[in-house]
Amino acid sequence: MTVTTEAPAAKTKSARTKKHQPSVLFDAPGPKARLRNNLITLVAAVILLGIVYVIVARLNEADQFQGKLWEPFLDGKVWTEFILPGLVGTLKVTVVAAVLAMLFGIVFGIGRLSEHWWLRIPSAAIVEFFRAIPLLLLIFFIFSGPPTIANGLNREFPEVTAFTAVVFGLTLYNGSVLAEIVRAGINAVPRGQSEAAYAVGLRKNGVMRLVLLPQATTAMLPAIVSQMVVLLKDSALGWIVAYEDLLNAGFKVVGANYGNLIPAAIVITLIYIALNMALGYLAQWLEGRSRRSRKSSATTLSADPTKLPDAGMGNAGPF
């Protein structure tokens, strides 16, 4: 019995060739181009390491690495009274806002695809309006706007809590982005899917609910999780209304009480990085899984919401 090793060799050669295949934007780099790219990468890495060294050296000269400045983070009370409650506040506002933003995105994303102008135009106007307002101003307006207007009209208005202002600000802004993701996900489903559903007798709501949305969900997952990362980071803007989140409690309060602003910033930054990396890896895993899945014929959306197709470029048709 003869054992041949040609198949693994061919596979290795194929993988090597695939690695250097040309893309739509540029040709495959040749030996000189690869050498040049490697040299540029090496020089950039050296420059980056030099910048990091200068920053660390300056912080060391300012005595920011003294043990007494880092000792508070070895005290359990600092974690139980400041950092962990702030982390809980961040996660709580993130989870509530994420659920509401998803509902907002589904409603207005489908509304933008409606064939009825009285649904399509208001949905588009609402989405574009809240996408255009900076989130920091939106949170501030929600917190102080209604009471100010009520005062001007000699009326009483219930106090808007910091939690409510942050949740609704995150919901309106990120929900508007998610509406575009939902619209693009539905448009990514080939027109033949909806035509086949109509052919077997399904109505519009049945086509949307049973055919388009399930397939679009697979395509939308990476972009949705990526937007959740943005929402988590945006929750730090709650400081404008004194919301007790991780940034406010862990950075401002701890730094002010113990006089260790730089160490507090480093610790809180590492916590945010850990949270965002976990969500980022989840987005990458979902994107890879959705690309391998054959349960949906929709094209997987990019995890970058800025790369979504423009309105009217889809194939699913109006609803």
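Residues numbered from 1 in each chain as written. Predicted model: local features only at pLDDT ≥ 70, side-chain atom pairs only at ≥ 80, totals over all residues. Heavy atoms only, no water.

## Some details on the overall build of the protein chain
Tallying secondary structure elements over the protein chain gives 11 helices and 0 strands in all. Element order for the protein chain, N to C, with α for helix and β for strand: α-α-α-α-α-α-α-α-α-α-α. Within the protein chain, buried positions represent 37% of all 319 residues. The contacts in the protein chain between residues at least 6 apart in sequence include a share of 77% that link residues at least 24 apart. Accessible surface for the protein chain amounts to roughly 19,500 Å². Of this, 66% is attributable to carbon and sulfur atoms. (Helix = DSSP H or I, 4+ residues; strand = E, 2+ residues; numbered from the N terminus. Buried < 20%, exposed > 50% of the residue type's maximum accessible area, 1.4 Å probe, protein only. Contact = heavy atoms within 4.5 Å. Areas by Shrake-Rupley, 256 points an atom, 1.4 Å probe, with all protein chains shown as cover.)

## Details of the environment of Met220
Structurally, Met220 is set in helix α9 (residues 204–234). Judged by its relative accessible area of 4%, Met220 is buried. Note: C-alpha distance between Met220 and Leu286 (66 residues apart in sequence) is 9.6 Å.

## A look at the nonpolar core
Counting 42 residues, the largest nonpolar core has Leu138, Val166, Leu170, Leu178, Ile181, Ile186 and Leu212 as its most contacted members. Looking at this core, the elements with two or more residues in it are α4 (76–111), α5 (117–132), α6 (135–152), α7 (162–187) and α9. Among the elements that line this core, the one with the most residues is α7, at 12 residues. Setting aside its immediate chain neighbours within four residues, Leu178 contacts Ala101, Met102, Gly105, Ile224, Gln227 and Met228. Formed by 13 residues, the second largest nonpolar core is a distinct cluster that contains Leu87, Ala236, Leu246 and Ala264. (Core = buried A, V, L, I, M, F, W, Y, C linked by side-chain atoms within 4.5 Å.)

## Brief notes about unusual backbone geometry
With a phi angle near 55 degrees, Asn154 is a residue other than glycine that sits in the positive phi range. In this structure, Ala242 is a non-glycine residue whose phi angle is positive, near 60 degrees. Turning to its location among the elements, Ala242 is positioned in the loop between α9 and α10 (246–258).

## Comments concerning the packing of α4 against α5
Where α4 meets α5, the closest approach of the two axes is 8 Å, and the angle between their N-to-C directions is 135 degrees. Between α4 and α5, the interaxial angle falls into the category oblique. The handedness of the crossing between α4 and α5 comes out as left-handed. Facing Phe104, Phe108 and Gly111 of α4, the residues of α5 in contact are Leu119, Arg120, Ser123, Ile126 and Val127. Here the contact of α4 with α5 is composed, by residue class, of 5 nonpolar, 2 polar and 1 charged. (Axes fitted to C-alpha atoms, helices over the stretch in contact; angles between N-to-C directions. Parallel < 35°, antiparallel > 145°, perpendicular 65-115°, else oblique. Left-handed = near helix turned anticlockwise from the far one by under 90°. Nonpolar A, V, L, I, M, F, W, Y, C, P; charged D, E, K, R; others polar.)

## Here we look at α6
Three- or four-residue spacings in an α-helix give side chains the same orientation, since the helix completes a turn every 3.6 residues. Between its first and last C-alpha, α6 extends 25 Å over 18 residues, near the 26 Å set by a 1.5 Å rise per residue. The axis of α6 is deflected most strongly, by about 40 degrees, at Ser144, and proline Pro146 appears within four residues downstream. Listed in full, the buried residues belonging to α6 are Leu135, Leu138, Ile139, Ile142, Gly145 and Ala150. A positive phi of about 55 degrees marks Asn154, the residue just after α6. (Expected span 1.5 Å × (residues − 1). Bend = angle between axes of the 7 residues up to and from the residue.)

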